[in-house]
Amino acid sequence: MIEIDWKAEAVKELRNYKFNVQGVKNLRERIEILDAQLEGIRSPGSTEGAGSGRERDETYCDVITKRDNMRRRLDIIEREIQLIDKALSALSQPERDALVIRYINSEYNSIGHICSNLHVERTKAYSICAGALQHFSAALFGLSAE
């Protein structure tokens, strides 16, 4: 049986959060572009999909397949973001701030930023991060918080 390092998985989720949020925006725009392409292919007298009927049908099917794959990916990413948001909302504000600074924003000298934002010493900042990661992992994956 493979043992899963839940904290490492939680860190991966946090580090990907910003990229996923941007990915949602980009996927929505790409889907709009594909919808516009479909309209062009469907409209009578369209020159965009000019060629034989078979070529036009293949282009139409390719665009539909791309769009459907992007919609599925969009749905998955949106659900992942919602899960992370829910898990973060289960934390105290200092814990949430610590994880955002350390993992989501990946700030240079993140512990120093946590110290100044939370008005704590370095050892306390590390302790807050460790506890926050434990609590976040518990909330995200349904684990024990201890």
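Residues numbered from 1 in each chain as written. Predicted model: local features only at pLDDT ≥ 70, side-chain atom pairs only at ≥ 80, totals over all residues. Heavy atoms only, no water.

Chemist: Any chance you could explain the packing of helix 4 (residues 110–118) against helix 5 (residues 122–141) here in plain terms?
Modeler: The geometry of helix 4 relative to helix 5 is characterised by a closest axis approach of 9 Å and an angle of 100° between their N-to-C directions. Between helix 4 and helix 5, the interaxial angle falls into the category roughly perpendicular. Contacts from Ile 111, Gly 112, Ile 114, Cys 115 and Leu 118 of helix 4 reach helix 5 at Arg 122, Ala 125, Tyr 126, Ile 128 and Cys 129. Taken together, the residues that form the contact of helix 4 with helix 5 break down as eight nonpolar, one polar and one charged. (Axes fitted to C-alpha atoms, helices over the stretch in contact; angles between N-to-C directions. Helix = DSSP H or I, 4+ residues; strand = E, 2+ residues; numbered from the N terminus. Parallel < 35°, antiparallel > 145°, perpendicular 65-115°, else oblique. Contact = heavy atoms within 4.5 Å. Nonpolar A, V, L, I, M, F, W, Y, C, P; charged D, E, K, R; others polar.)

Chemist: What's the story with the confidence of the model for the protein in this structure? I'm lost.
Modeler: The predicted coordinates should not be examined in detail at positions where pLDDT is low. For the protein, the mean per-residue pLDDT works out to 89, and 90% of the residues sit at or above 70. The lowest-confidence element of the protein is helix 2 (residues 53–89), averaging 91 in pLDDT; the highest-confidence one is helix 3 (residues 93–104), averaging 96. (pLDDT = per-residue confidence, 0-100.)

Chemist: How should the pattern of salt bridges be read in this particular structure?
Modeler: Two side chains bearing opposite charge may form a pair once their charged atoms approach each other closely. In this structure the tally under the stated criterion is six salt bridges. Notably, a salt bridge pairs Arg 28 with Glu 78, separated by 2.4 Å at the nearest N-O pair. Of this pair, Arg 28 sits in helix 1 (residues 6–42) while Glu 78 is found in helix 2, placing the two residues 50 residues apart along the sequence. Since its relative accessible area comes to 23%, Glu 78 is described here as partly exposed. A salt bridge links Arg 71 to Asp 35; the nearest nitrogen and oxygen atoms lie 3.7 Å apart. With a gap of 36 residues between them, Arg 71 in helix 2 and Asp 35 in helix 1 connect regions that are remote in the sequence. Of the residues examined, Arg 71 reaches a relative accessible area of 39% and is grouped as partly exposed. (Salt bridge = Lys/Arg side-chain N within 4 Å of Asp/Glu carboxyl O. Buried < 20%, exposed > 50% of the residue type's maximum accessible area, 1.4 Å probe, protein only.)

Chemist: What should I look at first to understand the nonpolar core in this one?
Modeler: In this structure, Leu 14, Ile 84, Leu 88, Leu 99, Tyr 103, Leu 133 and Phe 136 are the most contacted members of the largest nonpolar core, which totals 26 residues. Elements with a minimum of two residues in this core: helix 1, helix 2, helix 3 and helix 5. With ten residues, the top contributor of residues to this core is helix 1. With sequence-adjacent residues up to four places away left out, Phe 136 is seen in contact with Ala 10, Leu 14, Ile 84, Ala 87, Leu 88, Leu 91 and Leu 99. Formed by nine residues, the second largest nonpolar core is a distinct cluster that contains Ile 101, Ile 114, Leu 118 and Ile 128. (Core = buried A, V, L, I, M, F, W, Y, C linked by side-chain atoms within 4.5 Å.)

Chemist: Is there a simple way to think about the packing of aromatic side chains in this case?
Modeler: By convention here, two paired aromatic rings are described through the distance between centres and the angle between planes. For the structure shown, the criterion picks out one aromatic pair. Seen from their ring centres, Trp 6 and Phe 141 are 4.8 Å apart, and the 45° between their planes marks the pair as tilted. Taken together, the residues span a long stretch of sequence, with Trp 6 in helix 1 and Phe 141 in helix 5 at a distance of 135 residues. Classification of Trp 6 by relative accessible area gives partly exposed; the value is 32%. (Phe/Tyr/Trp six-rings, centres within 6.5 Å; stacked < 30°, edge-to-face > 60°.)

Chemist: Even after reading the chapter, I still don't get the side chain of Glu 95, so can you show me in this structure?
Modeler: Summarising the element assignment, Glu 95 is placed in helix 3. With no salt bridge to any partner, buried Glu 95 finds its closest opposite charge in Arg 96, at an N-O distance of 7.5 Å. A distance of 2.6 Å separates the side chain of Glu 95 from the side chain of His 135, its partner in a polar contact. If we skip the residues at most four places from it in the chain, Glu 95 touches Ile 128, Gly 131, Ala 132 and His 135. (Lys, Arg positive; Asp, Glu negative; His and termini not counted. Polar contact = N/O pair within 3.5 Å; in protein donor to acceptor, adjacent residues only side chain to side chain.)

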